[in-house]
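Now for the letters of each chain:
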Amino acid sequence: MTNTPTLAALRAAAEKSAKKAEEDRGALIAAAVAEAVTSTKYGHLSAVAREAGIVSQYLRELVEEAHPGWLARAAEEREAEKASRPKGRRRAAA
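Below or above, wherever it landed, is the structure these notes cover. (Residues numbered from 1 in each chain as written. Predicted model: local features only at pLDDT ≥ 70, side-chain atom pairs only at ≥ 80, totals over all residues. Heavy atoms only, no water.)

### A closer look at the overall build of the protein chain
Counting its secondary structure elements, the protein chain contains four helices and zero strands. Counting from the amino terminus, helix and strand elements in the protein chain follow one another as α-α-α-α. Since a compact globule built from 94 residues should have a radius of gyration of about 12 Å, the 23 Å found for the protein chain marks it as more spread out than a globular shape. C-alpha atoms of the protein chain, sized along the principal axes, occupy 85 × 35 × 15 Å. The burial tally for the protein chain puts 16% of its 94 residues in the buried class. In the protein chain, once contacts between residues fewer than 6 apart in sequence are set aside, the share between residues at least 24 apart is 50%. (Helix = DSSP H or I, 4+ residues; strand = E, 2+ residues; numbered from the N terminus. Rg over C-alpha atoms; globule rule 2.2 N^0.38 Å. Buried < 20%, exposed > 50% of the residue type's maximum accessible area, 1.4 Å probe, protein only. Contact = heavy atoms within 4.5 Å.)

This is how it looks when you write it as structure tokens:
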């Protein structure tokens, strides 16, 4: 008799692995949403999505679902900060 696992045992192992993967993915997504809302800096959300290995548009949707209106407030903050910067040339003429 061989020591080969049965199909039922393999299926049970696969189901257990799939459940663990689903739990890990949920934890990853929750952590990505939490990290994304820590800064309103331009590009921060995209950088978090890239680091998490998820599409940035999907992360935006998740953030909007978890924190309604946060994306709009972040955009307003960026625009207000941009408007408060001094206008004109950045460097003095040589």
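### Structural notes on the packing of helix α1 (residues 7-36) against helix α3 (residues 56-66)
Two elements in contact, α1 and α3, have axes separated by 10 Å at closest approach and are oriented at 75°. Regarding the angle of α1 to α3, the classification is roughly perpendicular. Contact residues: R25, I29, A32, V33 and A36 in α1; Y58, L59, L62, V63 and A66 in α3. Its residues assigned to classes, the contact of α1 with α3 comprises nine nonpolar, no polar and one charged. (Axes fitted to C-alpha atoms, helices over the stretch in contact; angles between N-to-C directions. Parallel < 35°, antiparallel > 145°, perpendicular 65-115°, else oblique. Nonpolar A, V, L, I, M, F, W, Y, C, P; charged D, E, K, R; others polar.)

### Details of helix α2 (residues 44-52)
Listed in full, the buried residues belonging to α2 are H44, L45, V48, A49 and A52. Buried residues of α2, viewed axially, fall in a sector of 135°; they line one side. Exposed and facing more than 90 degrees away from the buried side of α2 are R50 and E51. At its buried positions, α2 is contacted by α1, α3 and α4 (70-84). (Arc of directions from axis to C-beta.)

### Observations concerning the environment of A75
Relative to the helices and strands, A75 resides in helix α4. Under the relative-accessibility criterion, A75 is labelled partly exposed at 29%. Spatially, the C-alpha atoms of A75 and T40 are 7.4 Å apart, while their sequence positions differ by 35 residues.

Remember that the coordinates give geometry; whether it matters functionally is a separate question.
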